[in-house]
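# Overview (structure and organization)
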Amino acid sequence: MIKTLAACAFTALTTFSQCAIAAPGNIAELPEAEAFARDLAQRHGFDASELLAQFAQVKQNASVLSLIAPPTLPTQRSWTRYRARFVNPQRVAGGVDFWQEHAATLARARVIYGVPEEVIVAIIGVETVYGRNTGGFSVLEALATLAFQYPRRADFFRTELEQFLLLSRENSLDPLSVRGSYAGAIGIPQFMPGSQRRFAVDFDRDGRIDLANSVDDAIGSVARFLEQHGWQAGQPVAVAANLPGTPDASLIEAGIRPSLRASDLFERGILAEAPAEATVTLVDLVTPEAPTEYWLGFENFYVITRYNRSSFYAMSVFQLAEAIRQARTEMQTALNQAQ
């Protein structure tokens, strides 16, 4: 098999598909993969035969397709269940430790990008438990599987596969060696390849961006991602809201991007500690057989959803951030009193 693949790497594109047959189920066997390789050769100067040689070394991954697909019998969304996964004593304690260890880098990111330390820490905590769980899938295999075998989002994943190959070439990486999530997210902050190319920064100033191994690069990149998506320094994220009953459906259907005037909501009996002139979104956090929680989300809440387009995700990041900040403050107060 190894000899066959090595030979294929130097075979003309027109005959490569014959070599690919030696590895049943490999990505290079797919007509879409050959067309993709030709396209990248034309637009970006890749060697199509070399791309297909790499595709021949990865298979169509059934686990990736299973993990990405919506459940056959979807369970009811539960804010209580979702929150417990991320806002718990272990992640709070881990966040305090992470902040203590990287305090100077986090402070520098706050000064440069305007994003509070606790928000950066919370995102990394939610994404990878502070870098401890960055994923064990071959990124090339995961993205190629989704690009060519998942029609529902094929366009998105083909773009990310293209971005990954460009990223690998720019950084002299072997695409076959990079590991990440089943969806192709990479490193401590779990950036998709396109986000890494657009928003990641060399925050440790060593001449390269390494989100897999450099915590400094991860911290700076998370902060820059949020800043580039419109983070408003010194402004709130969300506040709890009190409702007299079930809100009009149109208020929820207005969407996650703030478009409602707080003063209009106040007139409807929806009360919260927010300036009357603020533009907000009404966030509903549903738990089956329990009262729904309602919050008003500001622009910074929406910005967090650009990382993961879910109100549950954004609220978990916000609440974990608040819990970490409070725990760290309490720890520092106790240390000061003990001195």
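Everything below is about the structure shown above.
Keep in mind the model is a prediction, meaning the values are calculated, not measured. (Residues numbered from 1 in each chain as written. Predicted model: local features only at pLDDT ≥ 70, side-chain atom pairs only at ≥ 80, totals over all residues. Heavy atoms only, no water.)

### Section: the overall build of the protein
Each helix and strand counted, the protein has 17 helices and 6 strands in total. Across its three principal directions, the C-alpha atoms of the protein cover 70 × 55 × 30 Å. Expressed as a percentage of its 339 residues, the buried residues of the protein come to 50%. A separation threshold of at least 6 residues defines the contact pool for the protein, and within that pool the share at least 24 residues apart is 68%. Summing over all exposed atoms, the protein offers an accessible surface of approximately 16,500 Å²; the carbon and sulfur share of this is 50%. (Helix = DSSP H or I, 4+ residues; strand = E, 2+ residues; numbered from the N terminus. Buried < 20%, exposed > 50% of the residue type's maximum accessible area, 1.4 Å probe, protein only. Contact = heavy atoms within 4.5 Å. Areas by Shrake-Rupley, 256 points an atom, 1.4 Å probe, with all protein chains shown as cover.)

### Some words on the sheet that holds strand β6 (residues 293–297)
Hydrogen bonds along the backbone pair up the strands of a sheet, which may run parallel or antiparallel. Across the sheet, which stays open at both edges, the 4 strands sit in the order β3-β6-β5-β4 with antiparallel pairing between neighbours. Sheet topology places β3 (238–240) and β4 (260–261) at the edges, where each strand pairs with a single neighbour. The strands touched by helix α17 (residues 311–338) within the sheet are β3, β5 (279–285) and β6, with β5 carrying the most contacts at an inclination of about 100 degrees. (Pairing = 2+ DSSP bridges. Axes fitted to C-alpha atoms, helices over the stretch in contact; angles between N-to-C directions.)

### What to know about the layout of surface pockets
Size it by volume and the largest pocket reaches roughly 1,900 Å³. If you trace the largest pocket, you find 48 residues lining it, with Tyr82, Tyr182, Asn308, Arg309 and Tyr313 closest to the centre. If you tally residues by element for the lining of the largest pocket, the top one is helix α6 (residues 79–86), at 4 residues. In the lining of the largest pocket, the residues fall into 24 nonpolar, 13 polar and 11 charged. As a volume, the second largest pocket reaches approximately 280 Å³. For the second largest pocket, the lining is made up of 15 residues, of which Leu173, Val178, Ile209, Asp210 and Ala212 are closest to its centre. The residue inventory of the lining of the second largest pocket, partitioned by class, reads 8 nonpolar, 4 polar and 3 charged. (1 Å grid on protein atoms, 1.4 Å probe; cavity = no way out; pocket = protein on both sides within 12 Å on 5 of 7 lines; lining within 4 Å. Points joined across faces, edges and corners; volume = space filled by probe spheres on them. Nonpolar A, V, L, I, M, F, W, Y, C, P; charged D, E, K, R; others polar.)

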